[in-house]
Structure formats: structure tokens, C-alpha cells
Amino acid sequence: MKKIVISTGGGDAPGLNAVIYAVVHASARKGWEVYGSRSGYSGFLDIDEMVRLTPRDVEGIYATGGTILGSTNKGNPFARPVENLAGEIQLVDTSDRIMRNFRRMKFDCHIAIGGDGSLEIANRFVEKGMPVIGVPKTIDNDLEETSRTFGFDTAVSTATEALDKLHSTAKSHDRVMVVEVMGRDSGWIALYSGVSGGADAILLPEIPFDIEMVCDKIADNDLHDKNYSIVVVAEGAKTIDGKVFNKGHGELGREEVVLGGVGEWVASEIRKRTDKDTRSLVLGHIQRGGSPTTFDRLLALRFGAAAVRMVEEGIFGHMVALKNSTMSSVPIADAVRHRKQVDLDSDKVCTARDIGICFGG
Ligand code: F6P
């Protein structure tokens, strides 16, 4: 008999519930018990809050968005903001308490479903002696050592559908539409949705952009009787002179800055320089919501089942990964070392250039 605990940390992504479903079912068939920690690591701080998960508890959840366990991107257990008696906020290291509770609950393994931030934390627990298996989640697709993270395909589908809808309104009004998409410092969502959704320009964090080149593309469209243009901008895109766009740190306990603002800036520059009617929109969290696509559902179910096989084989400190279309495992430390960025020599980038999409650089 083994006892597994699952957590879901960081920004949610479609497919989280499918991983939970697979872990619970694959474990139940072996006679193992599964528990869930609520809101990332928060559940580990109070063992009475641990949720027992049986196949009945997860019925049908593989098709739903979000996470039944809840998630947070401001709950680093190594630096948890806590208010002291004087009303001041202090950062407290709660990792020893979590290790103690993990042992008190007699867990054999922690399956940590997360992106770069949550898996970095998971790796620190590996270093403290916790047997952890990571599962790569994020709509940003920016984890190394796996060709895909689950959640990305759904986000790209949502963004592509939004672009499809913008074409008709942009055309009716002779407008430029600038669409800001998520992805942090990687341009995967912008590239995949922009190419598939007929963008005229795609601005990626990997290619600092010259706004003049974007305006030239818009002017060229006009010259060739295309009265409207669609520009897709990744939230982490920056200008050739190093201008970056963010909104500071946001909530207490959040470690990364909140990106945003580049779409509006690009739109106002285009308006100024081309005199064209220009509108911008931020696609935002709609990219994280909704039911996972078939691809993400299947990938998440495969990741969950593979993680349980790894528990059986005792492959701890590793993350389940997709390599050459098959399930594989890699050290968590390798997956979080760098953020995976778009390969500028890839055929997707070449395809975009071949069909006339402007990258602004
Ligand atoms: O990492 C996923 C992600 O959606 C990023 O693409 C985005 O920058 C960030 O999370 C948004 O975070 P929040 O939900 O805290 O606004």
C-alpha cells in the first residue's frame, strides 16, 4: 500500500483536473491511497485540511477547467508572508513544518503539478529529502526538457478563435487590432496562435521589435488593398531599445512581476504613426479557462498515469515529460534551470516569415 499526496501550484491551466483524475484512478487500481493538498502547499501546513481523493470524488473532472484542489502563485512555503503581532509582514520559512507533516501523514510520495515556480519549490523539497514527482503544467509552454506542457494547446486554441473573430470586425472598420496574449517571457502562445489565426505581425519576447517595421507592414497591407491588420503581441515582448512592460509585483507574496501593457503601447504607437483607427485588447485569463482540448486532456491523463508508474518504480526527484511523443522522465532540476523560449530557426518561425508575417525584427 502506498500513500500519495497531490498538489496543484501556480497559475491554473486546463488539464489540471485530468492529471488528478488519472493519478486517483491509477492509484486506486493498485489499492493505494491519494490525498490532495489545497492551494498549492498551504494544505501541508495543517494535516486536518488534507483531502482524501477517491474515484468517486473525481468523477468526470477530466473534462473540466481549473483545479478541484485550488491553486496559488503567492504561496512560496520557503518565504511565506505572515503578519506578526505588531501587524508587520514577515517572510517565514515553513518548509520544515511541511516536511514534518509529510512524514506524520506517512506519505510515500508527493506529486507536484506545476510550472517553473512551483517545480522550483518542489525541487527544494527534493533537496530536503521529500520524494517528489513533478508534472509539467503551464499555458506558457516554457518548461525545458518536455516538448509540451499541458494547458498550452487549450490556450492557443482560445487565442486562435479570438483572432478569427477579430478579422471580420477589423475589416468592417478598416482597423488595426492589437491583441496582447499571455506567455510571460516566452512567445509560444503568440507564435502558434498568430500563425494559425492569420496575424500580419507577431511580436515575441525572443525578438525585440522595431515599431517602425510593424507600421511598414500595416502600410504595405494598405498598399495591397488589405484595409485592416491584426497584430499579436506577447505580454513579454520588448522594443529594440529595451522598453519592457509590467505592472509591478501585484499581491503580497507574489514573486514574479505582473506583465502587461505592451499591447496598449503598440496600439497607441501605430495610431500615432499610421493615422489608422487602432484598437487593442488583452485576452487575459480567458486563455487559462474552460475545458481542456482533447490534446491537453489526453496529455494530462498520460502525465498522471505515468507519474503513478514512476511512484511504483521509485523514480523520485524527476518530472514526467513528453519526448518524441512518448512519456519519459527528467530530473526536476533540469526542467527548471532555464525558461524554454521559441527557437528562432524552427520551421514555425520560418513558415511565418515565408507567408509574410512581420516579427518587427
Ligand atoms: O504562467 C501563466 C500565466 O497565465 C502567465 O501567462 C501570466 O503572465 C500569469 O500567469 C498571470 O498571472 P495571474 O493569474 O497571477 O495574473
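The paragraphs below set out a description of the structure included in this document. (Residues numbered from 1 in each chain as written. Predicted model: local features only at pLDDT ≥ 70, side-chain atom pairs only at ≥ 80, totals over all residues. Heavy atoms only, no water.)

Turning to the environment of Ile355, a few remarks are in order. You can see Ile355 is positioned in the segment after helix H10 (347–354). With a relative accessible area of 56%, Ile355 lands in the exposed category. For the pair Ile355 and Val231, spaced 124 residues apart in sequence, the C-alpha to C-alpha distance is 15 Å. (Helix = DSSP H or I, 4+ residues; strand = E, 2+ residues; numbered from the N terminus. Buried < 20%, exposed > 50% of the residue type's maximum accessible area, 1.4 Å probe, protein only.)

Among the structural elements, Ser186 can be located in the loop between strand S8 (176–181) and helix H5 (188–196). Exposure remark for Ser186: the relative accessible area of 1% places this residue in the buried category. At a separation of 2.9 Å, a polar atom in the side chain of Ser186 contacts the main-chain carbonyl oxygen of Lys340. Excluding residues within four positions of it along the chain, Ser186 makes contact with Asp140, Asp142, Pro205, Glu206, Arg339, Lys340 and Gln341. (Polar contact = N/O pair within 3.5 Å; in protein donor to acceptor, adjacent residues only side chain to side chain. Contact = heavy atoms within 4.5 Å.)

This next bit is on the packing of helix H1 (residues 16–28) against helix H8 (residues 294–313). Viewed as axis vectors pointing N to C, H1 and H8 meet at an angle of 40 degrees, and their least axial separation amounts to 7 Å. In this view, H1 runs oblique relative to H8, as classed from their interaxial angle. When you trace H1 past H8, the crossing you get is right-handed. Between H1, through Ala18, Val19, Tyr21, Ala22, Val23, Ala26 and Ser27, and H8, the contact on the second element is made entirely by Arg297, Ala300, Leu301, Gly304, Ala305 and Val308. Split by residue class, the contact of H1 with H8 holds ten nonpolar, two polar and one charged. (Axes fitted to C-alpha atoms, helices over the stretch in contact; angles between N-to-C directions. Parallel < 35°, antiparallel > 145°, perpendicular 65-115°, else oblique. Left-handed = near helix turned anticlockwise from the far one by under 90°. Nonpolar A, V, L, I, M, F, W, Y, C, P; charged D, E, K, R; others polar.)

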